[in-house]
Each structure stands twice: as C-alpha cells, then as structure tokens.
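# Descriptive structure summary
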Amino acid sequence: MKTETLATTPVKEAPARRTNFYKDHEGMILGGGAVVLVLAAWEAAWQHGRAYSLDAEPMISALFFTGPSAVLGALRETWASGQLPSDLIHSGGNFVVGFTAALAAGVVLGIVIGWFRTVRLLLDPFLNAFYATPRIALVPLIIIMFGIGRLPAIVIVFLSAFFPILINTIVGVKTIDDDLLKAARSFCASHMQIFTTVALPGSVPFILTGVRQGVAHGLIGVVVSEMFVGGEGIGFMIAYSGQTFATERIFLGVAIMAGAGILLTSAAERLQAHFSRWRPER
Amino acid sequence: MNKLDIQNVSKRYWLERESREVPACEGVTLSVADGEFVAIVGPSGCGKTTLLNIVAGLLPYEEGHVRIDGERVEGPGVDRAVVFQHASLLPWRTITGNVRYGMELHGRFAKPEIERRTERFIRMVGLQGFERAYPSEISGGMQQRVNLARALASDPKVLLMDEPFAALDAQTREFMQAELLKIWRQARKTVLFITHQINEAVYLADRVVVMSSRPGRIKDVFDIPFARPRALELKRDPRFLAIEDRIWKLIEEESESILAGGASEPAAPGA
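Basis of the calculations
Residues numbered from 1 in each chain as written. Chains lettered and ligands numbered in written order. Predicted model: local features only at pLDDT ≥ 70, side-chain atom pairs only at ≥ 80, totals over all residues. Heavy atoms only, no water. Helix = DSSP H or I, 4+ residues; strand = E, 2+ residues; numbered from the N terminus. Rg over C-alpha atoms; globule rule 2.2 N^0.38 Å. Buried < 20%, exposed > 50% of the residue type's maximum accessible area, 1.4 Å probe, protein only. Contact = heavy atoms within 4.5 Å. Areas by Shrake-Rupley, 256 points an atom, 1.4 Å probe, with all protein chains shown as cover. Axes fitted to C-alpha atoms, helices over the stretch in contact; angles between N-to-C directions. Parallel < 35°, antiparallel > 145°, perpendicular 65-115°, else oblique. Left-handed = near helix turned anticlockwise from the far one by under 90°. Nonpolar A, V, L, I, M, F, W, Y, C, P; charged D, E, K, R; others polar. Pairing = 2+ DSSP bridges. Patch = residues over 30% accessible without salt bridge, like charges linked within 9 Å, V, L, I, M, F, W, Y side chains within 5 Å. Salt bridge = Lys/Arg side-chain N within 4 Å of Asp/Glu carboxyl O. Buried area = accessible area lost by both parts, 1.4 Å probe. Polar contact = N/O pair within 3.5 Å; in protein donor to acceptor, adjacent residues only side chain to side chain. pLDDT = per-residue confidence, 0-100. Core = buried A, V, L, I, M, F, W, Y, C linked by side-chain atoms within 4.5 Å.

## Structural notes on the overall build of chain A
On a plain count of helices and strands, chain A comes out with 11 helices and 2 strands. Starting at the N terminus and ending at the C terminus, chain A contains elements arranged as α-α-β-β-α-α-α-α-α-α-α-α-α. For chain A, the C-alpha radius of gyration of 24 Å lies well beyond 19 Å, the compact-globule estimate for 282 residues. In terms of overall dimensions, chain A has C-alpha extents of about 85 × 65 × 30 Å along its principal axes. Taken across its 282 residues, chain A has 38% of its residues classed as buried. Of the contacts formed within chain A by residues at least 6 apart in sequence, a portion of 72% connects residues at least 24 apart. About 15900 Å² of surface is accessible on chain A, with carbon and sulfur atoms providing 70% of the total.

What follows is the structure, encoded as structure tokens:
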C-alpha cells in the first residue's frame, strides 16, 4: 500500500496553551471514576447480599450471581493452574488466523469486485444475501464440513470478519471521485497507475472501517465457535462454566472478551484516524 | 508554425432519454500559434468544454482533426496538460505530492529532476511554505494554484484550462488572473483557455474566440491589441470596455436566439 505521502507530518501544529490536568484528562477521569464507582457498588451489593439471609438462604446465591472480588479470585485461580493462559492462546490463535485470512481475502476481493462493474453486478445478490445472513446460522453446516477441531472455529471467525471488510472495501473502490479519475487520465495514467495512485489510497479509510467492524464480528465468531466445538478457548470456558454453575468464571470469560474487544477496536480506530488525517472532518 | 490545429471538428452526444443525437459542437476550426494565449468564450452549453475535452484527448471525436505539432490527437498525451475547473487534487497527498503527480504518471523525468521541478513550480505559483499541507487545509484559490503547478510541472507543449477560476470568489479570481499572466510569461506555454467570463478572456488572451450556442460553432474571433505585461487596471480602460462590449453583444444575440427559437433544444449532457 502506498503510504509515503500519508506518513508525513501535518502542517498545523497544536498551539501552545496552559496545561490543565483535569481538562487534559477529563474523559479518563470521569469515565474511570464511573467504572470504579460501579464496581465498588457492585462489590458492596454482592457482599451485602451474601451476608444477609432470607429464610436461612443468602439473599444472593453464588450460583446465580457473583461479585468483582470473586471474578478476580477466579482469574488468579485459572491463571495459576495454567488453564487460562492456554485458553487465551487457543482463542487468540483462532482469532489471529481467521482474521488475517479474512483481511487478506476481503481487501483483495473487495478491490476486484469494486473495480470491475460486471463482477460487482454478478456477485451483488450473493453478497447481499450473505451479508444479511447471521453467519452464526451457518455454524452447524461448518461443523459438518470441517469437523470439530480448530478448523471450524477458524472458519467461523473468518466468515464473521470477512464480510464487513469485503463490503466496505467494495464501497471504497466504487465511490472513487470521477474528477480524480479524469485528472489521472489526462496525465496518461495507465490502469495500473490509476489503481495504485487513486483507487487504492482512496479506499484505505473505507477498508479500515471494515477492519474495525471485522474485529468486532470476529470476536463474536471466536466465542460462538468455541461454544459449539472443541474443548478449549475462552468461548469454551464460558460455555463449560455455565454448565457447571461456575458463575464467576462466566463473568471472567465475558470480561476478557470485553477487554479484548475494547483493546482491538480502539487500535483499529487509531489506525483509521492515522490514515484519515487528510480528511477535512477530523 | 501552429502548435495546435483544430480542423472542422464536430461532436454529437447521444441523448438516451429521447433516443436522438444532439450536436455539441460543429465544424470548429481554430489554430493556435506557438506561445499564443487563446481564450474561448460562449454562452453556457455552447460546447466549449466539450471542445477542450476533445483536445485533451479525454473525449473521442468522430469528425475532423485535432493536431498538435502536426500529430493527430488520439487520446491523452504528455504534450498536453489540463487545469480543471475543480482542482481535482488527490486529497491524501500533500501539495508537494500533488505537484509531482503529473510527472510521476508521465515517467518522463528522473527522480532528482522531478524533485527540482516540483520545488520550482511550487515557488512559481507562490506556495512555498505549504509544501506539506493537505488540499483540505488550503483555500480554493491555493488549490487552483496547485492544479496549475501540477499541469505546468509536467512540461506540456499546450496548456488546456477549463474555467479554472470559475469557482473562486470575485477578488481571488482577479488576483489569480494577474498571477496567471505572470506565470505564463515565465513558462511560455501555448494556452487554450475556456471561460464564460468575457472580461477574463479579454484580459488574459491574445485572441478571444466567441462560440455560438448549440451547436457550438465559431462565431467570431477578436484580436486583443493590448501590450503585455497587462495590469489589472486595464480592465477599466475604455478600449478594453469597448471590446468587452462588442463580445457581450454577440453573446447576447446568441442567448436571445436560444430563448426565441431554440427553446425546445434540450441541454446536452456535459456540454
């Protein structure tokens, strides 16, 4: 990808101003404070509910509900036993392999489909149908086709992430500005040159939007696929804990997925912001 | 010898909706000498942009010939460069990247030469200090300077300008006209300049070609006698105003004839 012109520093520099710790970190302070407050309230309610009994039964049963300290305990326990690290590596592997394949295939096919009108018209109905279908509905079929090992999980992650990336890339290539094409043509640009200097850089922001959506869908794919097949991974941990009433481990699994989601989408957003610096609406 | 020869060129558009052909321009013959500045004016829809696109090689033409240095135009070529009405800059490239763009596509200059020319033409259009800005960070007038620098840097024999200042506000436009003349005196290019502004044409050009309304034909050609360099005050000179007035009357006649007789003529696409 051509990035050399995108990577130069912008002309505008932040004007010097007096620093104000609160103003500079307002989001962090308010958001972080709210999270701490909610966690504390949750913990208090949980401790309180366990201690007070109604008809000799605790008000809150550990079977149905849990608190932050118990989740933390589950984290320590599973980490020490080596179960959690191995689950994380398993799930992470499924995600990385499936997502990377989806990224490569989505961008390449998206560019081809977006660039050639005939190809697009031919494939449009199928793409629309596939995009509208919840990919999860295909899980039983995928298990039949790919067995119950790692492969079906990777295939499900792939299918989940592939379509958002594909569809956004198509839109990016399709919506290239006609004036830019005309200017390139007037300078005798070859098809290849038009492609590398106009079509590709013009669709980068769209591709990255697809990446952001693909990350979110891919994570769903990881959890769902592991719930259905195999005996490893965070998705399996959540499903198995559910069957064994290990409520705090369910919460742990959910928290891990939430954390991964926040981390990966914010990374994708940063990437997107970086490559969209030339856009007027920043 | 003539740099640019347009001989008996006609172009028709196919109107899909009405399943019939509409002539955009008909039997246009025009020669432009080496280093000459020719402006074409005409009522809107007279096919002047069509003519420019044909010369640029962006539109195929069925009848007549367009020749540059005696060679027939069959498509876009390195001997021509277009300054578009909309700056058409790559928004993800800096000013430097955009000025280089034409040269990069042509592949005629070696890398160090491209660097040198980029710097030189950025300076010529007065944009030094903005090399690393993105198009969205500079004004419309500055964007058009980049558009002009990109075209000039690719070293064309003929510079084709398609209403390049039409989208600018009145003050910027006046200023850009004076700037263009200054740059043109340095760059010494043959220019074909399309505009709907009569005083812009008279101020800039050696000759002003007036086109009739559809189908676009050459109605008259005016030699502009004013010596160069021309100051902006020239526009208030009585002789200048007299020429402007004569051209204006011609175009007014044209517009009236459309309103009177040709009202049923639909507008041609892109004309």
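Next comes the rest of the description.
## Details of the packing of helix α4 (residues 83-115) of chain A against helix α7 (residues 150-174) of chain A
Residues and elements named next belong to chain A. At their nearest, the axes of α4 and α7 sit 6 Å apart, and the two run at 30 degrees to each other. When the axis of α4 is compared with that of α7, the two are roughly parallel. Relative to α7, α4 is oriented so that their crossing is right-handed. When its residues are assigned to classes, the contact of α4 with α7 shows 23 nonpolar, 8 polar and 2 charged.

## Quick notes on the sheet that holds strand β1 (residues 2-15) of chain B
Residue and element names in this part refer to chain B. Pairing in this open sheet of 4 strands is antiparallel, and the strands run β2-β1-β4-β5 from one edge to the other. Every interior strand has two partners, whereas the edge strands, β2 (20-33) and β5 (71-72), have only one. Strand direction decides the pairing type here: strand β4 (residues 63-68) and β5, joined by 2 bridges, are antiparallel. The partner of R67 across the bridge, within β5, is R72. Against the sheet, helix α1 (residues 48-56) touches β1, β2 and β4, its axis set at about 120 degrees to β1.

## Regarding the side chain of N53 of chain B
One can find N53 of chain B in helix α1. For N53 of chain B, a relative accessible area of 9% corresponds to the buried category. Non-local contacts of N53 of chain B, meaning those with residues more than four positions away in its chain, are made with K182 of chain A together with L58 and L59 of chain B.

## Section: a nonpolar patch on the surface
Residues and elements named next belong to chain A. On the surface, F21, Y22, M28, I29 and L30 cluster together into a nonpolar patch covering about 550 Å² of accessible area. Breaking the nonpolar patch down by element, the ones donating at least two residues are α1 (21-24) and α2 (26-51). No other element matches the 3 residues that α2 contributes to the nonpolar patch. Note that M28 resides in helix α2. By relative accessible area, M28 is classed as exposed at 66%.

## What to know about α1 of chain B
Most of α1 of chain B is tucked away, with 9 of its 9 residues classed as buried. Listed in full, the buried residues belonging to α1 of chain B are K48, T49, T50, L51, L52, N53, I54, V55 and A56 of chain B.

## So, the sheet that holds strand β9 (residues 207-211) of chain B
Residue and element names in this part refer to chain B. The strand order across the open sheet formed by 6 strands is β6-β7-β8-β3-β9-β10, and the pairing between neighbours is mixed. Whereas interior strands pair on both sides, the edge strands pair on one side only; in this sheet they are β6 (80-83) and β10 (218-223). Looking at each pair of strands side by side, their axes are set apart by 20 degrees on average, direction ignored. With 4 bridges joining them, strand β3 (residues 37-41) and strand β8 (residues 190-194) adopt parallel strand pairing. Note on β8: the bridge partner recorded for F37 is V191. Sitting on the sheet, helix α4 (residues 140-153) is in contact with β6 and β7 (158-162), with an inclination near 180 degrees to β6. Packing of helix α5 (residues 170-187) onto the sheet brings it into contact with β3, β7 and β8, and relative to β3 it is tilted by some 145 degrees.

## Quick word on the interface of chain A and chain B
Taken together, the contact between chain A and chain B spans 28 residues of the former and 30 residues of the latter. Of the roughly 2600 Å² buried between chain A and chain B, counting both surfaces, carbon and sulfur atoms make up 62%. It is L180, F187 and W278 of chain A that lose the most area in chain A upon contact with chain B, and together they represent 27% of the buried surface on that side. Taken together, chain A and chain B are joined by 0 salt bridges. Applying the counting criterion to the chain A and chain B interface returns 3 residue pairs in polar contact (both at pLDDT 80 or more). Mapped onto the side of chain A that touches chain B, the elements with two or more residues apiece are α8 (178-186) and α9 (191-228) of chain A. Here the side of chain A that touches chain B takes 7 residues from α8 of chain A, the largest share from any one element. Residue composition of the side of chain A that touches chain B, by class: 13 nonpolar, 7 polar and 8 charged.

## Details of the confidence of the model for chain B
Of all residues in chain B, 95% have pLDDT values of 70 or greater, and the mean over the chain is 87. Scored as a complex, the prediction yields pTM 0.75 and ipTM 0.86.

## Observations concerning the pattern of salt bridges
It is possible for side chains bearing opposite charge to pair when their charged atoms get close. Scanning the entire structure with this criterion turns up 23 salt bridges over all chains. Several salt bridges converge on common partners, so that one network encompasses R93, R100, E104 and E115 of chain B.

## So, the nonpolar core
If you look at the biggest cluster of nonpolar residues, it comprises 111 residues, and the most contacted ones within it are F37, L148, L159, F193, V202, V208 and I247 of chain B. Ranked by the residues each element gives to this core, the list is headed by α9 of chain A, at 14 residues. If you look at the next biggest cluster of nonpolar residues, it comprises 32 residues, including L4, V38, V82 and I194 of chain B.

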